[in-house]
Amino acid sequence: MEGSNGGWPATTGQWEKLDTDILIIGGGTAGCLAAVAAKEAAPELKVTIMEKGHIDRSGCLAAGMNAINVYMNPGETPESFVRYVRYDACGLIREDLVLSMAEKINEVVRKVEQWGLPITKDDNGQYAARGRWNIKINGESLKPIIAQAARDTGACVLNRTVATNYLVVDGQVAGAVGFGVRDGKYYVIKAKATIIATGGAAGLYKPNNDGGAHHKMWYSPFNTGAGYAMGIRAGAEMTSFEMRFIALRTKDIISPTGTLALGFGAPQVNAKGERFMATRFAHWGGEGAPTPIRVWGPTVENKEGRGPCYMDATHLPPEKVSELKASYLDMYPDIVLYWAANDLDPGREPIEIQGTEPYIVGGHCQAGYWVTMDRSTNLGGLYAAGDVSGGAPYKFVSGCWAEGVIAARAAAERARAASHPELPDPVLVAENNRIFAPLRRFNREGDGVSPQEMEERLQKVMDQYAGGVSTYYETNEERLQVALKQVRRLKNQVPYLVAVDLHELMQAHEVIDRIDLAEAVVMHLIYRKETRWPAYQSRLDYPERNDFQWLKFVNSRRNPETGELEVFTRPYERIVDGDRYLPRG
Amino acid sequence: MSVVCDHSKCTGCRKLDEPKCVQNCPGNLMAIDPVNGKAFIRDPRDCWDCMACVKLCPCGALRTKLPYVLADYGATLVPRVREDRIIWTCTDVKGRVEEFVIRTK
């Protein structure tokens, strides 16, 4: 492709056709484990990882992790885990998926420990618990450890390669297409089975830090919903986009509060020093309330004038404060720098907290592909694992590993039996044109809309009308209709996107994917006419939970005939007994 | 968020196919300036502050700098990566120094 001022290499747009047996899109938490499991299940198969970054430090684990937050500690079972997750998700989950994930957890954790992950042990040589489902690790190098394991199995890794769409032949997924961020080549990768493991989506909503700190956020800002958008465009059935995730974090620097609450026993207090969760939110379970309520609590305190809110760790002696800082250095080092820069001592004064902007993520909430027990989607040959896969919240790191393993075993079975279909050339030519359009437009016109401009516009619309930070996460039918109209206007602006180089081309596709996802998120929010998960999904016009009408999943699928996104419901199925609104019920 | 490069230390990793910071940044933000051969960040706004590049830099040339909108100027947090551990040195605005040794293997 013709270059402009040397902005992109001469190989840009050139076709690079590759064949593989199993294609894994996204080499993060789920993808690396899927690669290992696929090679273990079928060593003769060729396994290829297509990764936007570099697998050593890509995805959510770039900075590390200081705990494994799903582990069946002694006395717990997959069934007790399902009861807890069901309670935490306000009564609605895919119990079959959560059970199957829980059954694999301890096996995958032991496996990663054997690869070199340091897990803290107690005096009896057992993993040291940090809460009911949590164990302590020294996980700064967690990502390079699992990346090395994936490489060691002989999986082929395409780093810096962005996936843009599936190859679909007769309703079956036959691989994917994308482009290289370094070489600019147009990658056409044929596969007998494809696993999508691209993670969730940040950046749909205006972040609560802006300007120079706009990427100071909870989720990886480089997880931009590619897997969701590719699925939506290809007609995959998706679930629960309305159950957005909002993290309770320390103010400004957005570091995790789980470390404070679970690791160091810090309660939430409001500006008056009142333990509001234990008083005003006692009926929800107080400090042990479901996760959405623990972010809704301080949001209400702020809204009603009792903020700022804090987590109080002033009971900690200096050696424990030092331990707290060490714990953060394993996953969120910049809070230690933030305290040092602002002369803050968490042992002397409470730490201010806030809710983040909303994210779409299947590993904390349950937005994503509607899958069967083996993580196959409604599109033949396509499997989903990790944050991009729906119906099974509370996965976190180890649950994503477990899903990667489950999906890989099913994908290996299919790949052994399947063959490569013929791909129609006109479809491939059209996708090449779609991918490189922002570079071509820049070459031709020199003017248009930059990815950053489009991202900011999308985030403003979603924030103001679809329940962002500025409206305390609440919204109603009328606001959502405005959001839908404006997001659709943005879709029509996509042809005006310009990119000056391959980095901006990547950003252009990130914003295209976010817009396609945002449309689906708004349609899901409109459809659920109750408030099931306060903060995550708060309807001012339907403020109560309504089990009679809404104890069911909201799903969507683009109708391949009409091109329209259709929203419908799927029933909830109870497998594990007990009270759905009690953690041990 | 941002990363600052000390030009007196950065060698541009000329012997490697790709400098460590360029290879590993999860946001594809690190690049080498073709004029001076030193590392730079494409857009300081877009850094997630994961510190992958800071920890991987073989020359100790990169430093994380919090955005001024969030934090005072004057504190530093420096990781020194060893075979099986990281030695973190934190210096606060008043010059007080804390050191942490954390295992990675």
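Further up the page is the structure itself.
Residues numbered from 1 in each chain as written. Chains lettered and ligands numbered in written order. Predicted model: local features only at pLDDT ≥ 70, side-chain atom pairs only at ≥ 80, totals over all residues. Heavy atoms only, no water.

### Regarding the overall build of chain B
The helix and strand tally for chain B stands at two helices and seven strands. Written out in order from the N terminus, the α and β elements of chain B read β-α-β-β-α-β-β-β-β. Here the C-alpha radius of gyration of chain B, 14 Å, is about what a compact globule of 105 residues would show, namely 13 Å. Looking at chain B as a whole, 50% of its 105 residues qualify as buried. In chain B, of all internal contacts separated by at least 6 residues, the share reaching a separation of at least 24 is 39%. Accessible surface, chain B: about 5,400 Å² in total, of which carbon and sulfur atoms supply 52%. Side-chain charges of chain B comprise 17 positive and 13 negative groups, with the mean position of each set lying 4 Å from the other. (Helix = DSSP H or I, 4+ residues; strand = E, 2+ residues; numbered from the N terminus. Rg over C-alpha atoms; globule rule 2.2 N^0.38 Å. Buried < 20%, exposed > 50% of the residue type's maximum accessible area, 1.4 Å probe, protein only. Contact = heavy atoms within 4.5 Å. Areas by Shrake-Rupley, 256 points an atom, 1.4 Å probe, with all protein chains shown as cover. Lys, Arg positive; Asp, Glu negative; His and termini not counted. Charge placed at Lys NZ, Arg CZ, Asp CG, Glu CD.)

### What about the packing of helix α1 (residues 29-41) of chain A against helix α3 (residues 95-115) of chain A?
Residue and element names in this part refer to chain A. Closest axis-to-axis distance for the α1/α3 pair is 13 Å, and the angle between their directions is 95°. Here α3 runs roughly perpendicular to α1, going by the angle between their axes. In this structure, α1 contributes L33, V36 and E40 to the contact, and α3 contributes K111, V112 and W115. A class-by-class count of the residues in the contact of α1 with α3 yields four nonpolar, no polar and two charged. (Axes fitted to C-alpha atoms, helices over the stretch in contact; angles between N-to-C directions. Parallel < 35°, antiparallel > 145°, perpendicular 65-115°, else oblique. Nonpolar A, V, L, I, M, F, W, Y, C, P; charged D, E, K, R; others polar.)

### A few points about the interface of chain B and chain A
Counting residues at the interface gives 47 residues for chain B and 51 residues for chain A. Contact between chain B and chain A buries roughly 4,100 Å² in total, counting both sides, with carbon and sulfur atoms accounting for 58%. The tally of links between chain B and chain A comes to six salt bridges. Among the ionic pairs, K325 of chain A bridges to E98 of chain B, the shortest N-O distance being 2.7 Å. Where chain B meets chain A, there are 21 residue pairs in polar contact (both at pLDDT 80 or more). Of all the elements in the fold, those that place two or more residues in the side of chain B that touches chain A are α1 (20-24), α2 (52-56), β5 (76-81), β6 (85-91) and β7 (97-103) of chain B. Tallied by class, residues from the side of chain B that touches chain A come to 25 nonpolar, eight polar and 14 charged. (Buried area = accessible area lost by both parts, 1.4 Å probe. Salt bridge = Lys/Arg side-chain N within 4 Å of Asp/Glu carboxyl O. Polar contact = N/O pair within 3.5 Å; in protein donor to acceptor, adjacent residues only side chain to side chain.)

### Some thoughts on the pairing of strand β14 (residues 351-355) of chain A
Residue and element names in this part refer to chain A. With four of five residues buried, β14 lies mostly within the body of the structure. Summarising the sheet, strand β11 (residues 248-250) and β14 pair through three bridges and their orientation is antiparallel. Considered in β14, the bridge of R249 is made with Q354. In terms of strand pairing, strand β13 (residues 309-311) meets β14 through three bridges, oriented antiparallel. Each residue of the ladder has a partner; that of Y310, found in β14, is E352. (Pairing = 2+ DSSP bridges.)

### Looking at the pattern of salt bridges
All chains considered together, the criterion is met by 55 salt bridges over all chains. R570 of chain A is paired through a salt bridge with E237 of chain A; the nearest N and O atoms lie 2.8 Å apart. Here R570 of chain A, found in strand β20 (residues 565-571), pairs with E237 of chain A, found in the loop between α5 (226-234) and β10 (238-239); they are 333 residues apart in sequence, far enough to count as distant. Its relative accessible area of 32% is what places R570 of chain A among the partly exposed residues. The partner of E83 of chain B in a salt bridge is K105 of chain B, with the nearest N and O atoms 3.2 Å apart. In this pair, E83 of chain B is assigned in the loop between β5 and β6 and K105 of chain B in the segment after β7, connecting sequence segments 22 residues apart. For E83 of chain B, a relative accessible area of 63% gives the class exposed. You can call K105 of chain B exposed: its relative accessible area is 52%.

### Describing the sheet that holds β5 of chain B
Spatial strand order, β5-β6-β7 (chain B): three strands in an open sheet with antiparallel pairing. Of all strands in the sheet, those with a lone pairing partner are β5 and β7 of chain B, marking the two edges. With strand direction ignored, the average angle separating the axes of adjacent strands in the sheet is 15°. Two strands pair when backbone bridges link them, and β6 of chain B and β7 of chain B are joined in this way by seven bridges, in the antiparallel orientation. The residue of β7 of chain B that forms the bridge with R85 of chain B is R103 of chain B. Contacts between helix α9 (residues 318-329) of chain A and the sheet are confined to β5, β6 and β7 of chain B, with β7 of chain B contributing the most and set at about 55° to the helix.

### Considerations on the packing of aromatic side chains
Aromatic ring pairs: the centre-centre distance and the angle between the two ring planes describe each pair. Residue and element names in this part refer to chain A. Applying the stated criterion to the full structure yields 19 aromatic pairs over all chains. Pairing Y84 with Y87 gives two aromatic rings, centres 6.1 Å apart and planes at 55°, and the pair type is tilted. With Y84 and Y87 both in helix α2 (residues 78-88), this residue pair falls three residues apart, about one helical turn. Residue classification places Y84 among the buried residues on the basis of a relative accessible area of 12%. For the pair Y527 and W550, a centre-to-centre distance of 6.0 Å together with 90° between the ring planes defines the contact as edge-to-face. (Phe/Tyr/Trp six-rings, centres within 6.5 Å; stacked < 30°, edge-to-face > 60°.)

### Considerations on the sheet that holds β13 of chain A
Residue and element names in this part refer to chain A. Within the open sheet, the four strands sit side by side as β11-β14-β13-β12. Their pairing is antiparallel. Both edges of this open sheet fall to β11 and β12 (268-269), since each of them pairs with a single strand only. As paired elements, β12 and β13 share two bridges and run antiparallel to each other. Within the sheet, the bridge partner assigned to V269 lies in β13 and is Y310.

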